[in-house]
Every structure is written in C-alpha cells, then in structure tokens.
2 protein chains.
Amino acid sequence: MHTAEELSKVLKVLADPTRLTMLKQMQDGEQCACSFVDCFDISQPAISRHLKMMRQAGLLLERRDKQWIHYRLNEASPFYSIVVDLLGQVEMIDASCDCDAECAI
Amino acid sequence: MHTAEELSKVLKVLADPTRLTMLKQMQDGEQCACSFVDCFDISQPAISRHLKMMRQAGLLLERRDKQWIHYRLNEASPFYSIVVDLLGQVEMIDASCDCDAECAI
DNA sequence: AGGTTATATAACGGTTTTGTTATACACGGA
DNA sequence: TCCGTGTATAACAAAACCGTTATATAACCT
C-alpha cells in the first residue's frame, strides 16, 4: 500500500517507452548497459541517465564485472509486483539485441 | 497487450498524485467536477485540465446534469484493469470531501 | 434579458523531462 | 604508464508539465 505521492513518483519513472522496454528486457535476465546502447537510437549518456533514474527509484540493482555494469530488476523493491504486472501488458517489438557475450559498443 | 509507447502515455497520465487521488475517488462512484475543486488546493482551471487529460486518455466518461458535469471511470477503456490494479495500491489520505448532494463551489 | 453558478480555454511562467555534445572517471591490457 | 573501452557526469537546449490569473462558454433562474 502506498501513498498517491509515492506511487506517482514510481509511475513517472515507468512512464517512458525506452525505460519500459529496458525493464522488459531485464525480465529476461541481467543486461549489460552496453546492450541498451546497442538497442536504442539514443546516445550512451541518455541510456546512462535512464538507468540512473530507475536505480534511484529502487527498481534496479547493478553488478560490476570488469568495465561492464550489469543491471537487473530489484525483486525486493516495494514496487516490484507493480512493475511485473505492468510489464506483462507490454508487447516486445524488436526481439533481441543483446551483446552480453561480447560487450563491444 | 499494448506497445511500450501506448502504455507509457497512459502511465504519464496516471503519474500525478492529484490525478491518482481523483481516480481513486471516482472508484467510489461518479464525482461532480466541483467536488474536486473542493478537495484539492489547486485552482478550478487546474482541476479542469487534469480532468481533460484523463478524458483525452480515454480513462473517463462524463455526464452533464444541468450546469454540473459528473465524471466516472471508463470501464470500457483498454487500460481500465491497469488503472484498477494501480488504484488498489493507493491508500486514501483525506477520506471524503464530496459535495454531490448540493453542488455549490 | 440579465445575473449567478459551473466548467473550459487562453496566455503566461517556473520547473521538469529528455535529448544532445563534451568531458571525466574506472577498469583492463600491452 | 599509456591507451582503449565502458560508464557517468556536466552543461546546455527544446519540449512538456503544471500551476497561476483572466476570460469565455454553458446552463439555470428570476
């Protein structure tokens, strides 16, 4: 149970097609930040800021491996079930564009 | 099932504490616009624009009765179940401030 | 018709969002 | 230590958001 203020803050984070798609991809497992840079037609700094916003909202966890940073959904977030429910309503367009095997932007 | 673009547009409409609270109140039944003006510490034009935004997103239906306009949730909206689910996560703060019996701003 | 009430629209301003480019930081390898 | 790769931050600009006040429109009532 959340206040309207709390929920609206999280919804603001979710209310972006790029971020929704990123989250959807993370449902398939951990994603390297560089894979997002590959996937979307926006700059690397833009991707970085989308990730930061979701991290600050408590929706993501990160794991550093050498120079790569891998992001995943934070299942302990109080909003995790809401995120999962919403992502269940999202259809994926371009299926896969991960570069996890060999990260090289 | 919706595209990320479609869903993000609706989430943008939902991502506001005033609008979330208005929607929550409409779950209790039709609400006269003037009751919202009573409830919130924002101007009447601001209320009017919030309502317009939700109407344009297909989330609301309106019914005119004399000079009063009553708004209610649009159960036929493709996003209705999402709205209901989200509202289920919202706790109401100030219980009731309706003026439906005698509308007089 | 004229006045009152309810709602909507117009015009404006401050803040937030979201992209960009340029630059800094972190890490690994020759 | 220097260079390349991956990621983050800074500074900026355009657009959207959300409030305000002023004004218009719609409906009711005498």
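As shown above, the structure is provided for reference.
Within every chain, residues take consecutive numbers counted from 1 along the sequence as written. The lettering of chains begins at A and the numbering of ligands begins at 1, in the order of writing. Where local features are concerned, this predicted model is filtered to residues with pLDDT of at least 70; where side-chain atom pairs are given and counted, the filter is 80 or more; whole-chain, interface and lining totals use all residues. Here the side-chain values reflect all heavy atoms present in the structure, with hydrogen atoms and water set aside.

Trainee: Sorry if this is basic, but what is going on with the relation of the copies chain B and chain A here?
Mentor: Each copy of the chain is related to the other by a rotation around an axis and a translation along that axis. What sets the superposition is a least-squares fit of C-alpha atoms, and only residues with pLDDT of at least 70 in both copies go into it. Of the two same-sequence chains, chain B is brought onto chain A (RMSD 0.0 Å, axial shift 0.0 Å) by a rotation of 180°. In the structure described here, the two chain copies are related by an operation that fits a two-fold rotation axis. When the interface residues of chain B are mapped onto chain A, 100% of them again fall at the interface, so both copies present the same face. Throughout, a residue-residue contact means that at least one pair of heavy atoms, one from each residue, lies within 4.5 Å.

Trainee: Got a minute to help me understand the pairing of strand β3 (residues 68-73) of chain B in this structure?
Mentor: On any regular strand, side chains alternate: one points to one face of the sheet, the next to the other face. All names here are of chain B. A pair of strands is labelled paired if DSSP reports no fewer than 2 bridges between them. A helix here means a DSSP run of H or I that spans at least four residues, while a strand means a run of E at least two residues long, and both kinds are numbered starting from the N terminus. Pairing of strand β1 (residues 31-32) with β3 involves two bridges; the strand directions are antiparallel. Within β3, the residue paired with C32 across the bridge is H70. Bridge analysis of strand β2 (residues 60-65) against β3 gives six bridges, and the strand direction is antiparallel. Bridge assignment links L61 to a residue of β3, and that residue is R72. Linking β2 to β3, which pair antiparallel, is a turn of two residues; within it K66 sits at a positive phi near 60°.

Trainee: Looking at this model, I keep getting lost on the interface of chain B and chain A. Mind explaining?
Mentor: A common way to report how large an interface is uses the accessible area buried once the components associate. Taken together, the 21 residues of chain B in the interface contact 21 residues of chain A. Both sides together, the interface formed by chain B and chain A hides about 2,100 Å², and carbon and sulfur atoms give 70% of it. Polar contact is defined as a pair of N or O atoms within 3.5 Å, subject to the rule that within protein one atom must be able to donate a hydrogen and the other to accept it, and that residues adjacent in sequence are counted only when both atoms are side-chain atoms. Joining chain B to chain A, the criterion identifies five residue pairs in polar contact (both at pLDDT 80 or more). Going through the elements one at a time, α1 (4-14), α2 (17-27) and α5 (80-87) of chain B are the ones with two or more residues in the side of chain B that touches chain A. Counting residues per element, the side of chain B that touches chain A draws most heavily on α1(B), at seven residues. Any residue that is not Ala, Val, Leu, Ile, Met, Phe, Trp, Tyr, Cys, Pro, Asp, Glu, Lys or Arg is counted as polar, Gly included; the first ten are nonpolar and the last four charged. Grouping the constituent residues of the side of chain B that touches chain A by class yields eleven nonpolar, six polar and four charged. The buried area of a pairing is the accessible area, by a 1.4 Å probe, that goes missing from both parts when the two are put together, added over both.

Trainee: Is there a simple way to think about the nonpolar core in this case?
Mentor: Within soluble globular proteins, side chains that are nonpolar tend to cluster in buried spots. Core analysis: the biggest nonpolar cluster contains 60 residues, and L11(A) and L11(B) have the highest contact counts within it. Discounting chain neighbours no more than four positions away, the residues touching L11(B) are L11(A), L14(A), A15(A), L20(A), L86(A) and L86(B). What makes a nonpolar core is a set of buried Ala, Val, Leu, Ile, Met, Phe, Trp, Tyr and Cys residues whose side-chain atoms join them at distances within 4.5 Å. Each residue's exposure class comes from its accessible area (1.4 Å probe, protein chains only) as a fraction of the maximum for that residue type: buried when under 20%, exposed when over 50%, partly exposed otherwise.

Trainee: Even after reading the chapter, I still don't get the sheet that holds strand β3 (residues 68-73) of chain A, so can you show me in this structure?
Mentor: Through backbone hydrogen bonds, the strands of a sheet pair up, either in parallel or in antiparallel fashion. Residues and elements named next belong to chain A. Pairing is antiparallel in the open sheet, where three strands are placed in the order β1-β3-β2. The open sheet has two edge strands, β1 (31-32) and β2 (60-65), and neither has a second partner. Where helix α4 (residues 44-56) meets the sheet, it contacts β2 and β3, and its direction lies at approximately 120° from that of β2. What counts as an axis is a line fitted to C-alpha atoms, over the stretch in contact for a helix, and the angles between N-to-C directions run from 0 to 180 degrees.

Trainee: In this structure, what is going on with the sheet that holds β1(B)? I would like to understand it.
Mentor: All names here are of chain B. Strand order across the open sheet formed by three strands is β1-β3-β2, with antiparallel pairing between neighbours. Of all strands in the sheet, those with a lone pairing partner are β1 and β2, marking the two edges. Against the sheet, α2 contacts β1, β2 and β3, and its axis sits at roughly 90° relative to β3. Packing of helix α4 (residues 44-56) onto the sheet brings it into contact with β2 and β3, and relative to β2 it is tilted by some 120°.

Trainee: Would you mind going over the environment of M92(A) with me for this structure?
Mentor: Residues and elements named next belong to chain A. Among the secondary structure elements, M92 is positioned in the segment after α5 (80-87). Under the relative-accessibility criterion, M92 is labelled partly exposed at 29%. For the pair formed by M92 and K24, sequence separation is 68 residues and the distance between their alpha carbons is 7.8 Å.

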